[in-house]
Amino acid sequence: MSIESSTVREHVERASECIGAVWPLHSFVTANPLSGFEDQPFDEAVQRANRLFGGRGYPDAETFRRAWREDRIDADVLGRLLNRHGYDDDPESLLDRMATQTMASAEPPDPDSAESRLDCIFTKWLTAFLDEGRAEWPMPNRDEGFYAAFRAVARYDRDLPDRQAIAQGPEDTVRAIADVLAEHPEHRWEAICRKHLAALPGWAGFVKRRAASDGSWQEARPITMVDYLAVRLTLADVMDVPVAPPDDTPSFGEGEQDDAPSLPALWLRAWERTYRDRLLDPIEEASASLDRKESSPERPAAQLVFCIDTRSEIIRRHIEATGPYETHGYAGFFGVPMRYQGHDSDVTVDACPPILDPQHRIDERPVETHDSTRETYEDWQDLWQAGQTLVKSLKSNAATAFNFVETAGSGYGVALATRTLLPSSVYDVLKTADETVPDESTFCDPELEHEPEPAEAELSRGLSLEERVGYAADAFELMGWETFGRLVVFVGHASQTANNPFDSSLDCGACAGNPGGPSARVLASICNDPDVQQKLRERGIDIPEDTVFVAGEHNTTTDAITLYDEGVPESHSDDLERLRSDLERARQGATDERTSSMRVDVDDGVRETERRAADWAETRPEWGLAGNASFVIGPRPLTSETNLDGRAFLHSYNWETDTTGEALEAIMAGPMVVTQWINMQYYFATVDNAVYGSGSKITHNPVGNIGVFQGNGGDLMTGLPLQSLMSADDQPYHQSIRLSTVIHAPVARVHDILDDHDELVQLLDHGWLALDVVDPERGHESFHYEGSMRWSPPIHEGESLEQAPAAGE
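Quick caveat, the model's predicted, so the values are computed rather than measured.

(A) Up close: the overall build of the chain. From N to C terminus, the chain includes 28 helices and 20 strands. With the C-alpha coordinates aligned to their principal axes, the bounding extent of the chain is approximately 80 × 80 × 60 Å. By the burial criterion, 54% of the 809 residues in the chain qualify as buried. Partitioning the intrachain contacts of the chain with sequence separation of at least 6 by distance along the chain shows that 72% fall at a separation of at least 24. Of the roughly 36000 Å² that the chain leaves accessible, carbon and sulfur atoms contribute 48%. In the chain, the 71 positive side-chain charges and the 144 negative ones have mean positions that sit 4 Å from each other.

Right, here's the structure in full:
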């Protein structure tokens, strides 16, 4: 590689660091849109992002005013913070001042400007190339890469002023960039690249993620950030659009920086501190009561393990209220990073968090003893596929299209009217169909037998015995289990919506926006294996012989819980029926609670959630993770007596069984980072939805099976829609505060873990999340992480906080 080539690539790579990754809509991942800025203090990062993308970084004055008047911000906490930094005016006056000084959001671009025309044409080419199976007539030459395909087809684009120049231009992508940059001094190259990446951060983020993932679409239709800039700069050149930013534009990282926190930053801190104090008070009391509480000699009727997802908190409370049940929290991929393929599915999904790569390939395989069920399923599937094929051919064939519309129009009209006016009835029909047609879980099992693939294969199939034992042990050790009930249920989760491009945003985030049921079935199969149980006993995990593991899936829209109980022995049928009955009772209470948060007055919460699940005109089938504000790592009794209002991620953990600290380290390095990503996605999409969200669902235009536009083109929208965050146009439902993590463990243990993980210290020191530790060895006192590896109160003798800046400052 020549020096010039490497130099250009280095500039592109550095410019790309500020662009956050964007996942395709069919596998939506709630990630921090400012992930490229996490190496900077929060206040500094949002100011730089404002200059680059135009988005606000803090809630506006009216949001703070509403929180203040609703007593979400404690007057004493706010007063101390303001006085410490020299603000003497009363809160209302400060809010009035803030309203005139608030960081401005981006102004809509002039549609007639040269940059807008460039964006419009460039977006057209990105849409054509990046399509993932939606287009009937796909763009040719895509297997050669984006830049090569663009050069091959550009001659036919009448919107381009100099098509011949493109065809005769450099064949090499790096040379194409270099030719445009050559007119500018090298010290400006990075700024030029950054300007053109930030012009359409949604598309740039999608390309960045696709290039890094190296998945099947990337392999077949390759594109890189270098390709992206080669095409964009080539277009800018032939369209005579200014390539470089204005000379007076501050360099990246420059600008007005004030050592003192801004007024919005102080209000935000006060809001967060108020929430954190109110969360810690009952946790400290519960921690102290654990010393006085005697362990119950009775086994629970069942133990249910839910995802740490905030929506699980509500249903867990209601299940525990119905009888002698234990509930636990664990990451929703249940610790098995796999690439999964369902029976008869044409695609695989990576069922693991985005910070992990899948390590195993696991497919669903039919079980011979259920051949009749399988035949029934396949008969229905064949009938459905035949009907779909027939309708599609009749609609798209020029000879039959008009006759088909005339003949079937009245039937379509009735169906449309029914779906629009009677969504609850539609739900009943769909439910009856589901009960009639067997689910693949009734005749398939996850194929766990280890089948080593040739060396060049990406993933081996199945799991070895050692791997199975490891995943089962990890689950029980991370959750700190010492006893087992007769039934242990691993409950994944998924949503149910109609006509919703963002449906995967409501599925399991730990499974990369996919349903969690398959992951639950895999871990249940592992734990039911007698060989695995024997190995676990040798490791000190004694599973009773009468314990049966069952998988389930929690429908977060309707709170129905489906149990995959094929293979459960007759000896446990009474236990299973009792559990089913109690789950229905819990569902009623949970749906009544959730529908009240949607400000609807209904007599039956279950029926209302079923309507929302089937109503194709419903813009808010459920709240998703809106409201998330905290992550609690500890035993369930810490929070079981507190209504956390569906705002807390809950991960089970027992510091006493984790003698080495390895379990806590895994939770902090994994789930804690993922929950921070989720929290930041909701935070920024609420603070400035036009820039960091995706606007109203009403005007969404799905494109290429990868994302949505607002209107008929433009940037790929990157975040959550308004209806997932706002109760009304001017009233946020999600409270925009950063995540507060609470850990129940010796503070010295947490300190040592942080000492080994610079990436966690960076997040904490820069104020991207907060951390408190309730120490059961120090009188159940809470210790707040202040920054620079210092705690309040100090944990080491003679330590002083005078020189330690608060986290985020």
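Additional details are given in the paragraphs that follow.
(B) Local environment of the environment of Tyr-147. Relative to the elements of secondary structure, Tyr-147 occurs in helix H7 (residues 146-153). For Tyr-147, a relative accessible area of 3% corresponds to the buried category. Along the backbone, Tyr-147 and Asp-227 are 80 residues apart, and their C-alpha atoms lie at a distance of 5.4 Å. Leaving out residues up to four positions away in the same chain, Tyr-147 has contacts with Pro-170, Glu-171, Asp-172, Thr-173, Ala-176, Asp-227, Ala-230, Val-231 and Thr-234. Polar contacts involving the side chain of Tyr-147 include one to the main-chain carbonyl oxygen of Pro-170, which spans 2.6 Å.

(C) Summary view of the nonpolar core. Formed by 198 residues in total, the largest nonpolar core has its most connected members in Phe-476, Phe-490 and Leu-754. Residue contributions to this core peak at twelve residues, all from helix H14 (residues 263-292). Setting aside its immediate chain neighbours within four residues, Phe-476 contacts Trp-481, Phe-484, Phe-490, Cys-527, Leu-536, Ile-541, Ile-543 and Phe-549. Ala-301, Phe-306, Val-568 and Leu-579 belong to the second largest nonpolar core, which has 21 residues in total.

(D) A look at the packing of helix H6 (residues 114-130) against helix H11 (residues 201-213). Orientation of H6 relative to H11, taken along the N-to-C sense of each, is 30°, at an axis distance of 12 Å. Between H6 and H11, the interaxial angle falls into the category roughly parallel. Seen from above, H6 lies across H11 with left-handed handedness. Touching Thr-123, Leu-126, Thr-127, Phe-129 and Leu-130 of H6 are Trp-203, Phe-206, Val-207 and Arg-210, all from H11. For the contact of H6 with H11, the residue count by class is six nonpolar, two polar and one charged.

(E) The arrangement of the environment of Phe-64 in detail. Mapped onto the fold, Phe-64 is located in helix H3 (residues 61-69). By relative accessible area, which is 0% here, Phe-64 ends up buried. Along the sequence, Phe-64 and Pro-264 sit 200 residues apart, while their C-alpha atoms lie 8.5 Å from each other. Those residues in contact with Phe-64, other than ones at most four positions away along the chain, are Pro-59, Ile-73, Leu-95, Met-98, Pro-264, Trp-267, Leu-268 and Trp-271.

(F) Summary view of the sheet that holds strand S18 (residues 770-775). On the basis of which strands lie adjacent, the open sheet formed by six strands has the order S12-S11-S17-S18-S19-S20 and mixed pairing. A single partner strand is all that each edge strand has here, and the edge strands are strand S12 (648-651) and strand S20 (790-792). Averaged over neighbouring strand pairs, the angle between their axes works out to 25° when direction is ignored. Looking at chain direction, strand S11 (residues 630-633) and S12 are connected through four bridges and run parallel.

(G) Focus on the sheet that holds strand S2 (residues 325-330). Pairing is mixed in the open sheet, where five strands are placed in the order S2-S1-S8-S9-S10. The sheet is open, and its two borders are formed by S2 and strand S10 (561-564), each paired with just one other strand. Ignoring strand direction, the axes of neighbouring strands in this sheet form an average angle of 25°. With six bridges joining them, strand S1 (residues 302-307) and S2 adopt parallel strand pairing. Within the sheet, the bridge partner assigned to Cys-307 lies in S2 and is Tyr-330. Against the sheet, helix H22 (residues 573-597) makes contact with S1, S2, strand S8 (487-494) and S10, and its axis sits at roughly 165° relative to S10, the strand it touches most.

(H) Local environment of unusual backbone geometry. In this structure, Pro-793 follows Ser-792 across a cis peptide bond, with omega equal to -5°. Inspection of the secondary structure puts Pro-793 in the segment after S20. The backbone of Asp-559 shows a phi angle near 65°, a positive value even though the residue is not glycine. Considering the arrangement of structural elements, one finds Asp-559 in the loop between strand S9 (548-555) and S10. Judged by its relative accessible area of 2%, Asp-559 falls in the buried class. Backbone geometry places Ser-788, a non-glycine residue, at a positive phi of 55°. Tracing the chain through its elements places Ser-788 in the loop between strand S19 (781-787) and S20.

(I) Just the state of the cysteines, in detail. The full count for this structure, using the stated rule, is zero disulfides. You can see Cys-444 has no disulfide; the closest cysteine sulfur is in Cys-511, sitting 19 Å from it. Of all cysteine sulfurs, the one in Cys-508 lies closest to Cys-511, which takes part in no disulfide; the gap is 3.6 Å.

(J) Local environment of the pattern of salt bridges. Under the counting rule described, the total for this entry stands at 50 salt bridges. Put simply, Lys-124 and Asp-157 hold a salt bridge, and the shortest N to O gap is 3.0 Å. One end of the pair, Lys-124, is in helix H6; the other, Asp-157, is in the loop between H7 and helix H8 (163-167), and 33 residues separate them in sequence. Look at Lys-124 and you get partly exposed, because its relative accessible area is 35%. Using a relative accessible area of 8% as the deciding quantity, one classes Asp-157 as buried. Across the pair Arg-339 and Asp-350 runs a salt bridge whose closest N-O atoms are separated by 2.6 Å. In this pair, Arg-339 is assigned in strand S3 (residues 338-341) and Asp-350 in strand S4 (residues 349-351), connecting sequence segments eleven residues apart.

(K) Here's a closer look at helix H27 (residues 747-755). Residues of H27 that are buried: Val-747, Arg-749, Val-750, His-751, Ile-753 and Leu-754. Looking at the buried positions of H27, the neighbouring elements they touch are helix H24 (662-669), strand S17 (740-744), helix H28 (758-765), S18, S19 and S20.

(L) Up close: helix H9 (residues 173-181). Burial of H9 is extensive: seven of the nine residues sit out of reach of the surface. What H9 keeps buried is the set Thr-173, Val-174, Ala-176, Ile-177, Ala-178, Val-180 and Leu-181. Its side-chain oxygen at 3.2 Å from the backbone nitrogen of Val-174, Asp-172 defines the N-terminal cap of H9.

(M) Region of the structure containing the packing of helix H10 (residues 189-199) against helix H13 (residues 225-238). Relative to each other, H10 and H13 sit at 95°, their axes nearing to 10 Å. When the interaxial angle is binned, H10 and H13 end up roughly perpendicular. Side by side, H10 and H13 meet where Ile-192, Cys-193, His-196, Leu-197 and Ala-199 of the first sit next to Met-225, Tyr-228, Leu-229, Arg-232, Leu-233 and Ala-236 of the second. Of the residues in the contact of H10 with H13, the class split is nine nonpolar, one polar and one charged.

Reading the values: rules and limits
Residues numbered from 1 in each chain as written. Predicted model: local features only at pLDDT ≥ 70, side-chain atom pairs only at ≥ 80, totals over all residues. Heavy atoms only, no water. Helix = DSSP H or I, 4+ residues; strand = E, 2+ residues; numbered from the N terminus. Buried < 20%, exposed > 50% of the residue type's maximum accessible area, 1.4 Å probe, protein only. Contact = heavy atoms within 4.5 Å. Areas by Shrake-Rupley, 256 points an atom, 1.4 Å probe, with all protein chains shown as cover. Lys, Arg positive; Asp, Glu negative; His and termini not counted. Charge placed at Lys NZ, Arg CZ, Asp CG, Glu CD. Polar contact = N/O pair within 3.5 Å; in protein donor to acceptor, adjacent residues only side chain to side chain. Core = buried A, V, L, I, M, F, W, Y, C linked by side-chain atoms within 4.5 Å. Axes fitted to C-alpha atoms, helices over the stretch in contact; angles between N-to-C directions. Parallel < 35°, antiparallel > 145°, perpendicular 65-115°, else oblique. Left-handed = near helix turned anticlockwise from the far one by under 90°. Nonpolar A, V, L, I, M, F, W, Y, C, P; charged D, E, K, R; others polar. Pairing = 2+ DSSP bridges. Disulfide = S-S within 2.5 Å. Salt bridge = Lys/Arg side-chain N within 4 Å of Asp/Glu carboxyl O.

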